[in-house]
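If you want the building blocks of each chain, they are given just below.
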Amino acid sequence: MQGWSPLQAGLRSLPSTLAVVVSAPVAGRLASRYGYRVPVVAGLLLAAAALWALAGIEVATPYAQLWWKLAMLGAGLGLSISPATAAGVAAMPGTQAGVASAVITTSRQVGGALGVAVLGAVAAARYGRATPASDPVAFLAGVHAAYLLAAAALAVGAVAAMLFLRPRRADPDAAGPTLPAEAA
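Here the residue numbering is sequential within each chain, running from 1 through the sequence in written order. This being a predicted model, a pLDDT of at least 70 is required before a residue's local features are given, and a value of 80 or more before pairs of side-chain atoms are given or counted; all residues contribute to the totals for chains, interfaces and linings. The basis for every side-chain value is the complete set of non-hydrogen atoms in the structure, without hydrogens or water.

**Quick word on the overall build of the protein chain**
Then comes step 1: The secondary structure content of the protein chain amounts to seven helices and zero strands.
Then comes step 2: Listed by position from the N terminus, the elements making up the protein chain come as α-α-α-α-α-α-α.
Then comes step 3: Residue burial is assigned from relative accessible area. The probe radius is 1.4 Å, only protein chains are included, and a residue is buried under 20% of its type maximum, exposed over 50%, and partly exposed in between. Considering the protein chain as a whole, with its 184 residues, one finds that 29% of them fall into the buried category.
Then comes step 4: Any two residues whose heavy atoms approach within 4.5 Å at even a single point are treated as in contact. Sequence-distant contacts in the protein chain: of pairs separated by 6 or more residues, those separated by 24 or more amount to 77%.
Then comes step 5: What sets the accessible areas is the Shrake-Rupley method with a 1.4 Å probe; for residues, cover comes only from the shown protein chains. When the accessible area of the protein chain is evaluated, it comes to approximately 10700 Å², of which 70% is carbon and sulfur surface. Numbering goes from the N terminus for both helices and strands, where a helix is a DSSP run of H or I of at least four residues and a strand is a run of E of at least two.

Laid out in structure tokens, this is it:
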């Protein structure tokens, strides 16, 4: 909408990616110290707040008012993804850790694909046949609706994490349950 080339638009999305890279190790340290709940809830709420803030952008919003919102979104995702996966794996016996990790990864991939489809449908329903070139205001209204729905979903996820994740990190059972042959 502002005439950026694909390369310029890609470079302008780097704050989100860099924030994930910076916040993911922080998430691990927070999870080690405070348990999985703290980084997951904080990350989901931070990402929800970023999407809520992004829902306020306009066609002429300067990049100086955009980059930090993208960084905030990336930081929130970086804080929440790894500890959520680790919590799911830690909840299983050590012998089933691989299966748990695979199920979580598959669920994340399917959820991401469905999320993009649903948010795309919400945006398209809101802006109809408008394109960024033909009616940037209507197109942006559709994007705003998708951002707000995604922010609400992340907030619901934060509430679910607050309710269902253990407040402290459980010590992982590396060996898993004792097998009958080992008990003898």
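**Observations regarding the packing of aromatic side chains**
Then comes step 1: Here a pair means two rings of Phe, Tyr or Trp (six-membered ring of Trp) with centres within 6.5 Å. Their orientation is stacked below 30 degrees between planes, edge-to-face above 60, and tilted elsewhere. Considering all chains together, one arrives at one aromatic pair under this definition.
Then comes step 2: For the ring pair Y127 and F139, a centre distance of 4.9 Å and an interplane angle of 55 degrees mean the geometry is tilted. A residue pair is termed long-range when its members are at least 10 positions apart, and Y127 in helix 5 (residues 97-127) and F139 in helix 6 (residues 136-164) qualify at twelve residues.
Then comes step 3: One residue, R12, lies across the ring of Y63, its end atom 5.6 Å from the ring centre. Look at NZ for Lys and CZ for Arg. If either is within 6 Å of the ring centre and within 35 degrees of the ring normal, a charge sits over the ring.

**As for the packing of helix 3 (residues 37-54) against helix 4 (residues 67-90)**
Then comes step 1: Two elements in contact, helix 3 and helix 4, have axes whose closest approach is 7 Å; the angle formed by their N-to-C orientations is 155 degrees. Here helix 3 is positioned roughly antiparallel relative to helix 4, judged by the angle of their axes. Relative to helix 4, the crossing made by helix 3 is left-handed. Across the interface between the two elements, P39, V40, G43, L44, L46, A47, A49, A50, L51, A53 and L54 from helix 3 touch K69, L70, M72, L73, A75, G76, L77, L79, S80, P83 and A84 from helix 4.
Then comes step 2: Residues are grouped as follows: Ala, Val, Leu, Ile, Met, Phe, Trp, Tyr, Cys and Pro are nonpolar; Asp, Glu, Lys and Arg are charged; all remaining types, including Gly, are polar. Per-class residue counts for the contact of helix 3 with helix 4 are 18 nonpolar, three polar and one charged. To obtain an axis, a line is fitted to C-alpha atoms, over the contacting stretch when the element is a helix, and the angle between two such axes runs from 0 to 180 degrees between their N-to-C directions. Relative orientations are named as follows: roughly parallel for angles under 35 degrees, roughly antiparallel for angles over 145 degrees, roughly perpendicular for angles from 65 to 115 degrees, and oblique for any other angle. The handedness criterion is simple: a crossing whose near helix is rotated anticlockwise from the far helix by less than a right angle is left-handed, and one whose near helix is rotated clockwise is right-handed.

**Some details on the packing of helix 4 against helix 5**
To characterise two packed helices, one gives the angle between the axes of the helices and the distance between these axes.
Then comes step 1: Look at helix 4 against helix 5: their axes get within 8 Å of each other, and the N-to-C directions meet at 140 degrees. Taken together, the axes of helix 4 and helix 5 are oblique relative to one another. The handedness of the crossing between helix 4 and helix 5 is right-handed. Listed contacts from helix 5 to I81, T85, G88 and V89 of helix 4 are A97, A100, S101, I104 and R108.

**Here we look at the environment of R126**
Then comes step 1: With respect to the element layout, R126 can be found in helix 5.
Then comes step 2: Taking the C-alpha atoms as reference points, R126 and A141, 15 residues apart in sequence, are found 6.7 Å from one another.
Then comes step 3: Aside from chain neighbours lying at most four places away, what touches R126 is A141, G142 and A145.

**Points about the confidence of the model for the protein chain**
Interpretation of this model should avoid reading the predicted coordinates in detail wherever pLDDT is low.
Then comes step 1: Values of pLDDT, which run from 0 to 100, indicate the predictor's confidence residue by residue. Chain-level statistics for the protein chain give a pLDDT mean of 87 and a share of 87% at 70 or above.
Then comes step 2: Between the elements of the protein chain, mean pLDDT differs from a low of 49, seen in helix 7 (residues 180-183), to a high of 97, seen in helix 3.
Then comes step 3: A low-confidence stretch, residues 177-182 stays under pLDDT 50, and its non-local contacts, those more than four residues away or across chains, total four contacts.

**Some words on helix 6**
Then comes step 1: For helix 6, built from 29 residues, the straight-helix expectation of 42 Å at 1.5 Å per residue is met to within 8% by its first-to-last C-alpha distance of 41 Å.
Then comes step 2: Taken together, the buried positions of helix 6 are F139, L140, G142, V143, H144, A145, A146, A150, A151, L154, A158 and A161.
Then comes step 3: Residues of helix 6 that are buried make contact with helix 3 and helix 5. Here the expected length of a helix is defined as 1.5 Å per residue gap, with one fewer gap than residues.

**Quick notes on the side chain of S80**
Then comes step 1: Structurally, S80 is set in helix 4.
Then comes step 2: With residues near it in sequence (within four places) discarded, S80 still touches P39, V40, G43 and L44.

**Regarding a nonpolar patch on the surface**
Then comes step 1: On the surface, L7, L11, L14 and L18 cluster together to form a nonpolar patch covering roughly 400 Å² of accessible area.
Then comes step 2: Only helix 1 (6-12) and helix 2 (14-34) provide two or more residues apiece to the nonpolar patch.
Then comes step 3: Tracing the backbone through its elements, the reader meets L14 in helix 2. A patch consists of residues whose relative accessible area exceeds 30% and which take part in no salt bridge; residues with like charges are grouped when within 9 Å of each other, and nonpolar side chains (Val, Leu, Ile, Met, Phe, Trp, Tyr) when within 5 Å. Each salt bridge in this description consists of a side-chain nitrogen of Lys or Arg and a carboxyl oxygen of Asp or Glu lying within 4 Å of one another.

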